[in-house]
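Here's the letter readout for the chains.
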Amino acid sequence: MSLFSTESFVKVRPGENDGFLPAHAWKLLSHPSKEIRLLTLHPGSGDDAILFSIQTAPLFEAPDYQALSYTWGDPLARVSIYLIDNIHAKSDLLVHEIRVTQNLKWALQDLRSTRSKITLWIDALCINQSDQKERTQQIQVMGLIYRKATSVCVWLGPDNNKIDLAIWLFEQAIRGRASGGTGSQVHGDNTHKLGEVDWEALTEFFSRSWWSRIWVVQEVMYAKTVTLICDFMQLEQHKRQYYKDPNDFLRPGAGSTMANKTIDHIPRLPLEKLLWMFRYRQATDVRDKIYALIDLAKKPVPLQPDYNLSVKEVYCQLAKTLMRKYIPADILAITHNESTPKLKELPSWTPDWAAHNNTVSLSKAVSPLQDDTPNFHADDGITRSAVWEQCGPLRSFVKGRLAASADRDEPLHALTMRGTLIGGIDVLGLDRESTHTQTENSYLYQASPSRGMPQRSTFPSKHVLQSWKSLISDHATYEPTGEASDDAFWATISVKEPDTSQYTTKSEIRTKFMTWCNDLEEEEDVSINENGVIFQLDVTKAPEESTPVDSTAVEAPFTPLLSSLMAELRGWRFALTSQTYYCLVPNITHEKDIICVPFGSSTPFVLRPILEHATPSPMNIPSLDNGRQYELIGRCYVHGFMNGEAMEMLESVLDQVQDIYQEQGMAAARGAVDSEVYSFTLI
């Protein structure tokens, strides 16, 4: 009996090609940017072998086809399907064994008909994945391929005993998407209150790997219709009716449907905002974290998918393009990422879009990729045309000097920024993220119910704030603003806006907080763990000598505020510059790091000299030659320097530059500007 139920005589060529078709089995694309391959899936059922054939077609004149959207799955788990060679077969039927992922075989089994052939486009089989040139050209027209498809078939994975309920609930939600309601209901023909079994089914449904793929954003957005497929269940939907982020569907209070969460409601956004919005999506090739979204961007970006470029080349080129042509230096802000390590090959200044980026923002109102109205303006708009247009014969020179980044022939890994210098880090406050790794005599311990003795604590302690406050204990006035030092300290550490809803006014909060901080100095050394257990601690004693005290003996009036404050300060620490400016800096900051304000940036940044002798210097000294190279640490807050104050000296020089030119000549005028403009070569 034949291996194949649909053919009587075959010659099977064993599979030697994992994941792509053998070169001798199909026709090469004459014009990969204008031509596609289509797959004809032959009829079958059950355990019948998967049979298919391949033909080419002009993209704009292709017959009707469906495009498959799925996850490739484990690349090592390979199974066999069979390509019918229509090109070279003379007499007997020639069949090639093709090794594909298990997911693809399951998807083809669910898609095929028992009676008729089906025409499909599937990336793994219709693009020669081993040909970098073809792959690049086909990816560049991927959006068009999905637009031209009659339908996009979304294969969600194999069936289980919960999928039928989940799809039914999903269908009800889509049908009732305009009916409103609560997060515990879905609305279709009738209101259905979600129970525990329903939530379990939906959670499993939306936990499937398809929902996390980066390419599905484009695939669904461009679809004319979408068909969800899971085993033999199918659910057809109108164009882009349902999908943005499944997590919104499950969040309590988010609404019973995806009415306000659909991809129809995603406006055309700049590429950097799309990258930020979908940063949690996954891709097998990390270059696809960018390539999958380029075609969706509001503004055309001069970057086309090219798999001949390395990851480093793609990420660096995109970052430089965004900074020099579209957005200011605030793109650097997203490089401060404490929870996920960067790709090793990327420079410090290059955003790592491959990471599940949990970047710590400086303020709830100032993430340039989330909010169009940041509440800081550290560079005071110094790069705007009105600034350099007033400089008379030095207009062109000043315009060039005020560019956010130097337009120069520099190595790919380097980015030369321009800006002004605030100062160097002189003193760092306690790092709250590492207090639990201090010595055995550390005063930060908590109870261990199982052992009955204090253990190291990762819970934020009042001792962190106490140590920060002690750095300014001898300050009466904060010189840059003329405020009382206590006011400046509170303004610095509360820039992240902790929850203060229980208090009447901000001044009341500050007054009570500072009173509490001052009282700490006179209290016995105590620590409160997350369970409210209070320990009287002695930094001179070993952990086992620390003893619990009655919780009623120590008043903790600010526990809710402190919890909120320290939660918002995760990833940050208090610091002083050599001029005693109050700062909030990334917790990986070191002493002797420097703080600058790049032109085009809404906030200052912390930089770390690569060489011990490296110091920033004026533009009239070549920076690369003198080894002034820096690692970008992250953005920071410097009290009194968030609204253009760091630009005052430069602005003063620019106001006088024409007078200097007339009195002392061009060289003197240029020198005066260069004395206030610094270059920082980031690597």
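Residues numbered from 1 in each chain as written. Predicted model: local features only at pLDDT ≥ 70, side-chain atom pairs only at ≥ 80, totals over all residues. Heavy atoms only, no water.

1. Notes on the overall build of the protein
Scanning the protein from terminus to terminus reveals 19 helices and 28 strands. For the protein, the proportion of its 683 residues judged to be buried stands at 52%. Considering only contacts in the protein between residues 6 or more positions apart, those separated by 24 or more positions represent 69%. For the protein, the accessible area works out to roughly 30300 Å², and carbon and sulfur atoms hold 48% of it. (Helix = DSSP H or I, 4+ residues; strand = E, 2+ residues; numbered from the N terminus. Buried < 20%, exposed > 50% of the residue type's maximum accessible area, 1.4 Å probe, protein only. Contact = heavy atoms within 4.5 Å. Areas by Shrake-Rupley, 256 points an atom, 1.4 Å probe, with all protein chains shown as cover.)

2. Considerations on the nonpolar core
Across soluble globular proteins, nonpolar side chains have a tendency to be buried as a group. One finds Trp-121, Phe-205, Ile-290 and Leu-332 to be the most contacted residues of the largest nonpolar core, which totals 109 residues. In terms of residue count, helix 11 (residues 311-326) provides more of this core than any other element does, 8 residues in total. Apart from the residues lying within four places of it in its own chain, the contact partners of Leu-332 are Met-323, Trp-349, Leu-415, Met-417, Phe-605, Leu-632 and Leu-682. Grouped together as the second largest cluster of nonpolar side chains are 61 residues, Ala-488, Ile-509, Phe-513 and Val-677 included. (Core = buried A, V, L, I, M, F, W, Y, C linked by side-chain atoms within 4.5 Å.)

3. A few points about the packing of aromatic side chains
For any pair of aromatic rings, geometry is given as the distance between the ring centres together with the angle between the planes. This model, assessed by the stated rule, comprises 14 aromatic pairs. Taking 5.0 Å as the distance between ring centres and 80 degrees as the angle between the ring planes, the aromatic pair formed by Trp-210 and Trp-211 counts as edge-to-face. Accessibility classification places Trp-210 together with Trp-211 in one group, the buried group. Look at Tyr-478 and Tyr-582: their rings are 4.4 Å apart centre to centre, the planes differ by 40 degrees, and that puts the pair in the tilted class. (Phe/Tyr/Trp six-rings, centres within 6.5 Å; stacked < 30°, edge-to-face > 60°.)

4. Overview of the environment of Gln-629
With respect to the element layout, Gln-629 can be found in strand 26 (residues 629-635). Residues Gln-629 and Arg-608, spaced 21 residues apart in sequence, show a C-alpha to C-alpha distance of 8.4 Å.

5. Notes on the layout of surface pockets
Using a probe with the size of a water molecule, rolled over the atoms, empty space left in the structure can be pinpointed. What the largest pocket holds in volume is close to 680 Å³. Along the walls of the largest pocket sit 33 residues, with Trp-72, Asp-123, Thr-284, Asp-285 and Asp-288 positioned nearest its centre. For the lining of the largest pocket, the elements supplying multiple residues, two or more each, are strand 6 (93-101), helix 2 (123-126), helix 3 (132-140), helix 4 (142-148) and helix 7 (215-221). Among the elements that take part in the lining of the largest pocket, helix 2 stands out by supplying 3 residues, more than any other. Residues that form the lining of the largest pocket fall into these classes: 16 nonpolar, 9 polar and 8 charged. (1 Å grid on protein atoms, 1.4 Å probe; cavity = no way out; pocket = protein on both sides within 12 Å on 5 of 7 lines; lining within 4 Å. Points joined across faces, edges and corners; volume = space filled by probe spheres on them. Nonpolar A, V, L, I, M, F, W, Y, C, P; charged D, E, K, R; others polar.)

6. A short note on the pattern of salt bridges
What the rule picks out here adds up to 10 salt bridges. Its salt-bridge partner being Lys-320, residue Glu-410 comes within 3.4 Å of it at the nearest N-O pair. One end of the pair, Glu-410, is in the loop between helix 13 (395-401) and strand 13 (415-428); the other, Lys-320, is in helix 11, and 90 residues separate them in sequence. Exposure class is identical for Glu-410 and Lys-320. Each is buried. A salt bridge links Asp-486 to Lys-469; the nearest nitrogen and oxygen atoms lie 3.6 Å apart. One end of the pair, Asp-486, is in helix 15 (residues 485-493); the other, Lys-469, is in helix 14 (residues 462-470), and 17 residues separate them in sequence. The buried category is assigned to Lys-469, whose relative accessible area is 6%. (Salt bridge = Lys/Arg side-chain N within 4 Å of Asp/Glu carboxyl O.)

7. Brief notes about the environment of Asn-308
For Asn-308, the location among the structural elements is in the loop between helix 10 (288-294) and helix 11. Residue classification places Asn-308 among the exposed positions, given a relative accessible area of 55%. Along the primary structure Asn-308 and Gln-132 are separated by 176 residues, whereas in three dimensions their C-alpha atoms are 6.5 Å apart. Discounting chain neighbours no more than four positions away, the residues touching Asn-308 are Gln-132, Thr-136 and Glu-313.

8. Things to note about helix 18 (residues 648-664)
Along an α-helix, residues three or four apart share an orientation, since each turn contains 3.6 residues. With 17 residues, helix 18 should cover 24 Å at 1.5 Å per step; its first-to-last C-alpha distance of 22 Å lies within 8% of that length. Gln-656 marks where helix 18 bends most, by close to 50 degrees. All buried positions along helix 18 are accounted for by Leu-650, Val-653, Leu-654, Val-657 and Ile-660. Residues of helix 18 that are buried make contact with helix 12 (385-389), helix 13, strand 13 and helix 19 (666-674). Backbone geometry just downstream of helix 18 places Gly-665 in the positive-phi region, at approximately 100 degrees. (Expected span 1.5 Å × (residues − 1). Bend = angle between axes of the 7 residues up to and from the residue.)

9. Section: unusual backbone geometry
Despite not being glycine, Asp-380 has its phi angle at roughly 55 degrees, a positive value. Tracing the sequence through the fold places Asp-380 in the loop between helix 11 and helix 12. Overall, Asp-380 belongs to the partly exposed group, its relative accessible area being 31%. Despite not being glycine, Thr-580 has its phi angle at roughly 60 degrees, a positive value. With respect to the secondary-structure elements, Thr-580 resides in the loop between strand 21 (572-577) and strand 22 (582-586). Judged by its relative accessible area of 38%, Thr-580 is partly exposed.

10. Digging into the confidence of the model for the protein
Of the residues in the protein, 66% reach a pLDDT of 70 or more, and the chain-wide mean stands at 75. When mean pLDDT is compared element by element in the protein, strand 7 (residues 118-121) scores highest at 98, while strand 14 (residues 445-448) scores lowest at 33. Considering only residues more than four positions removed or in separate chains, one finds that residues 435-460, a stretch of pLDDT under 50, has 63 contacts. Throughout residues 524-544 the model reports pLDDT below 50, and contacts reaching past four residues in sequence, or to other chains, amount to 61 contacts. (pLDDT = per-residue confidence, 0-100.)

11. Remarks on the packing of helix 18 against helix 19
Close contact between helix 18 and helix 19 brings their axes to 8 Å; oriented N to C, the two are set at 170 degrees. With respect to each other, helix 18 and helix 19 are oriented roughly antiparallel. Every residue of helix 19 that contacts helix 18 at Leu-650, Val-653, Leu-654, Val-657, Ile-660, Tyr-661 and Gln-664 is listed here: Met-666, Ala-668, Ala-669, Ala-672 and Val-673. Tallied by class, the residues present in the contact of helix 18 with helix 19 amount to 11 nonpolar, 1 polar and no charged. (Axes fitted to C-alpha atoms, helices over the stretch in contact; angles between N-to-C directions. Parallel < 35°, antiparallel > 145°, perpendicular 65-115°, else oblique.)

12. Comments concerning the pairing of strand 21
Within strand 21, 6 of the 6 residues are buried, which leaves the element mostly enclosed by the surrounding structure. By the alternation rule, side chains of strand 21 split into Trp-572, Phe-574 and Leu-576 and Arg-573, Ala-575 and Thr-577, which are all buried. Looking at chain direction, strand 13 and strand 21 are connected through 3 bridges and run antiparallel. Residue pairing for strand 21: Ile-425 is matched across the bridge by Thr-577. Where strand 21 folds back on strand 22, the antiparallel hairpin that results is connected by 4 residues, among which Thr-580 adopts a positive phi of roughly 60 degrees. (Pairing = 2+ DSSP bridges.)

13. Some details on the environment of Glu-61
Note that Glu-61 resides in the loop between strand 3 (51-58) and strand 4 (66-69). Given a relative accessible area of 65%, Glu-61 falls into the exposed group. Put simply, Glu-61 and Glu-35 are 26 residues apart on the chain and 9.2 Å apart in space, counted from C-alpha to C-alpha.

14. A look at the side chain of Arg-135
Within the secondary structure, Arg-135 sits in helix 3. Not counting the four nearest positions on each side in its chain, Arg-135 is found in contact with Ile-127, Asn-128, Gln-129, Asp-285, Arg-287, Asp-288 and Tyr-307.

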